[in-house]
Structure formats: structure tokens, C-alpha cells
Amino acid sequence: MSSHDEHVPVPDGYPVQSSDDRVFVRMGPVWAGLIGLTTLIVVSMGLVRAFDLALSKDRPVVERRSVKEGFQQPAGVALLNPDQVAIRKAYEEKQNGLLTTYAWLDEKHSVARLPIARAMSLLVKKYESSK
């Protein structure tokens, strides 16, 4: 080592033999951070793709497959419904109807259900007039 290299502080555990090695000593944490960030991005992209595939409306969550003769359903496992897509569409139509139609909830006490868009506009008008 030259006399110039002896005055440079070196972290414990990192042997430095020349001035060129000091650059790599300081770059170690940067590379570790970049590798960690890259790994996090790749894993996140994989999770997003997995959720996209699992939750798409066009694909049934359960696909019917051929079952071998004599297959026994394991204890504690619920049977899967092959009409799951139709059931989901019916549920979504029912929920959409609840959000877009008028109906009495309790006619005796004058409690009605309003479409969500109408209820929001009434609420906005109420708070605009109170200013």
C-alpha cells in the first residue's frame, strides 16, 4: 500500500488493497439496494398478474375437470359449484338493481331506498345549501 492509501478510513471487515477497491466498498450497499428493489418489482408484477388471472370476470373461478371413477371427496372440503359464473352474474345484477332502483324499505316509517346517484346529488345539494 502507498502512504496515500493508509490515511483512507476503511469499514471493518472490508479489506482494501488499493484505491480502486475503495470504490467497490462504497458501491456494495448500492448494488444490494438495486437488487432488492428489482426483486420487489418482479415479485409485485407476478402477484398483480396472478390476481388479474384469478379475478377476471370472463373466466370461471372453478373449471370442471374429469373425475376418475371411485374418487372420494376429502373430509372437510366443500363441493365446488360448476355454475359459479352464472351465480356470480345473478348476484351482480341483484346488487346493481339495489343501487339503481327505488323501493320502500319501511313504508310505515317512510323509509325508502333511492338510487345511489340520486342520493349523492341530494346530499351534495343539502351541503351546498348549508354553506
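For clarity, every value in this text was computed on a predicted model and none was experimentally measured.

Rules used throughout
- Residues numbered from 1 in each chain as written.
- Predicted model: local features only at pLDDT ≥ 70, side-chain atom pairs only at ≥ 80, totals over all residues.
- Heavy atoms only, no water.
- Helix = DSSP H or I, 4+ residues; strand = E, 2+ residues; numbered from the N terminus.
- Buried < 20%, exposed > 50% of the residue type's maximum accessible area, 1.4 Å probe, protein only.
- Contact = heavy atoms within 4.5 Å.
- Areas by Shrake-Rupley, 256 points an atom, 1.4 Å probe, with all protein chains shown as cover.
- Pairing = 2+ DSSP bridges.
- Salt bridge = Lys/Arg side-chain N within 4 Å of Asp/Glu carboxyl O.
- Patch = residues over 30% accessible without salt bridge, like charges linked within 9 Å, V, L, I, M, F, W, Y side chains within 5 Å.

## A look at the overall build of the chain
Line of reasoning, step 1. The number of helices and strands found in the chain is three helices and two strands.
Line of reasoning, step 2. In sequence order, the secondary structure elements of the chain are arranged as α-α-β-β-α.
Line of reasoning, step 3. Counting across all 131 residues of the chain, residues that qualify as buried make up 5%.
Line of reasoning, step 4. Look at the contacts in the chain between residues 6 or more apart in sequence, and 13% of them connect residues 24 or more apart.
Line of reasoning, step 5. When the accessible surface of the chain is summed, it comes to about 12000 Å², and 62% of that surface belongs to carbon and sulfur atoms.

## Remarks on the pairing of strand β1 (residues 103-106)
Line of reasoning, step 1. The pairing of β1 with strand β2 (residues 111-113) spans three bridges and is classified as antiparallel. Across the sheet, D106 pairs through a bridge with V111, a residue of β2.

## Brief notes about unusual backbone geometry
A negative phi angle characterises most non-glycine residues, just as the trans form characterises most peptide bonds.
Line of reasoning, step 1. Positive phi outside glycine occurs at S110, with the angle close to 55 degrees.
Line of reasoning, step 2. You can see S110 is positioned in the loop between β1 and β2.

## Regarding the pattern of salt bridges
Line of reasoning, step 1. On inspection of all chains with the given rule, the structure shows two salt bridges.
Line of reasoning, step 2. Among the salt bridges present, the one from D52 reaches R49, with a minimum N-O distance of 3.4 Å. Here the residue D52 and the residue R49 both occupy positions in helix α1 (residues 19-55), the gap between them amounting to three residues, near one helical turn.
Line of reasoning, step 3. Among the residues examined, D52 registers a relative accessible area of 45% and is labelled partly exposed.
Line of reasoning, step 4. A salt bridge links R88 to E92; the nearest nitrogen and oxygen atoms lie 3.5 Å apart. Here the residue R88 and the residue E92 both occupy positions in helix α2 (residues 84-100), the gap between them amounting to four residues, near one helical turn.
Line of reasoning, step 5. Overall, the relative accessible area of 31% leaves R88 in the partly exposed class.
Line of reasoning, step 6. Judged by relative accessible area, which is 33%, E92 ranks as partly exposed.

## Notes on a nonpolar patch on the surface
Line of reasoning, step 1. Together, M27, V30, W31, L34 and I35 give the surface a local cluster of nonpolar side chains, amounting to about 480 Å² of exposed area.
Line of reasoning, step 2. Locating V30 in the fold gives a position in helix α1.
Line of reasoning, step 3. According to the relative accessible area criterion, V30 is partly exposed, its value standing at 42%.

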